[in-house]
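Read off the chains here:
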Amino acid sequence: MPTIEDVRRYWDQRALMYKSGTKATTNDFWFRMLEIREITDVLRSLEPNDKVLDVGCWDGFSTVRIAQAFPQSVFVGGDCSV
């Protein structure tokens, strides 16, 4: 079973390898699009001015696309990887 440090090291290595490229999060473009669609569907009940925190968003690729569907809400993303 990987430790938290193993997980962090894995994502830090991907961050260094791919910088801000789309492969920094996953190699599978369609998986990423499915994730964005599903999260967007779950958030349909957001009210104007609601705030959403995306923890572990890496470079914000998905966060930005999801936020575009809810222009009256506030999105903030953060990640501990490089």
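Trainee: Just checking my understanding: could you explain helix 3 (residues 61-68) for this structure?
Mentor: For an α-helix, the turn length of 3.6 residues means that residues three or four places apart are oriented alike. What helix 3 keeps buried is the set Phe-61, Ser-62, Thr-63 and Ile-66. If you follow the buried residues of helix 3, they end up packed against helix 2 (29-42), strand 1 (51-55) and strand 2 (74-78).

Trainee: So what exactly am I meant to see when it comes to the nonpolar core here?
Mentor: Considering soluble globular proteins, one finds that nonpolar side chains tend to be buried as a cluster. Ile-36, Leu-43, Leu-46, Val-52, Phe-61, Ile-66, Phe-70 and Phe-75 form the largest nonpolar core, which has 8 residues in total. With residues near it in sequence (within four places) discarded, Ile-66 still touches Ile-36, Ile-39, Thr-40, Leu-43 and Phe-75.

Trainee: What exactly am I supposed to notice about the environment of Asp-6 here?
Mentor: Residue placement: Asp-6 occurs in helix 1 (residues 4-18). On the accessibility criterion, Asp-6 (31% relative accessible area) is partly exposed. At 2.8 Å, the side chain of Asp-6 and the side chain of Arg-9 are in polar contact.

Trainee: Whenever I open this one, the packing of aromatic side chains confuses me. Can you help?
Mentor: Here a ring pair, both rings aromatic, is described through the centre-centre distance and the interplanar angle of the planes. Tallying each qualifying case throughout the model produces 3 aromatic pairs. Taking 4.9 Å as the distance between ring centres and 85° as the angle between the ring planes, the aromatic pair formed by Tyr-10 and Trp-11 counts as edge-to-face. According to the relative accessible area criterion, Tyr-10 is partly exposed, its value standing at 40%. Trp-11 sits in the partly exposed class, given a relative accessible area of 33%. Here Arg-32 stacks its cationic end above the ring of Phe-61, 4.8 Å away from the centre of that ring.

Trainee: Looking at this model, I keep getting lost on the pattern of salt bridges. Mind explaining?
Mentor: Pairing is possible between side chains that carry opposite charge, provided their charged atoms lie close to one another. Applying the stated rule across the entire model yields 2 salt bridges. A salt bridge links Asp-6 to Arg-9; its shortest N-O distance comes to 2.8 Å. You can see Asp-6 and its partner Arg-9 sitting in helix 1, 3 residues apart, about one turn around the helix. Among the salt bridges present, the one from Glu-38 reaches Arg-37, with a minimum N-O distance of 3.0 Å. Accessibility expressed as a relative area gives 49% for Arg-37, which makes it partly exposed.

About the thresholds
- Residues numbered from 1 in each chain as written.
- Predicted model: local features only at pLDDT ≥ 70, side-chain atom pairs only at ≥ 80, totals over all residues.
- Heavy atoms only, no water.
- Buried < 20%, exposed > 50% of the residue type's maximum accessible area, 1.4 Å probe, protein only.
- Helix = DSSP H or I, 4+ residues; strand = E, 2+ residues; numbered from the N terminus.
- Contact = heavy atoms within 4.5 Å.
- Core = buried A, V, L, I, M, F, W, Y, C linked by side-chain atoms within 4.5 Å.
- Polar contact = N/O pair within 3.5 Å; in protein donor to acceptor, adjacent residues only side chain to side chain.
- Phe/Tyr/Trp six-rings, centres within 6.5 Å; stacked < 30°, edge-to-face > 60°.
- Lys NZ or Arg CZ within 6 Å of the ring centre and 35° of its normal.
- Salt bridge = Lys/Arg side-chain N within 4 Å of Asp/Glu carboxyl O.

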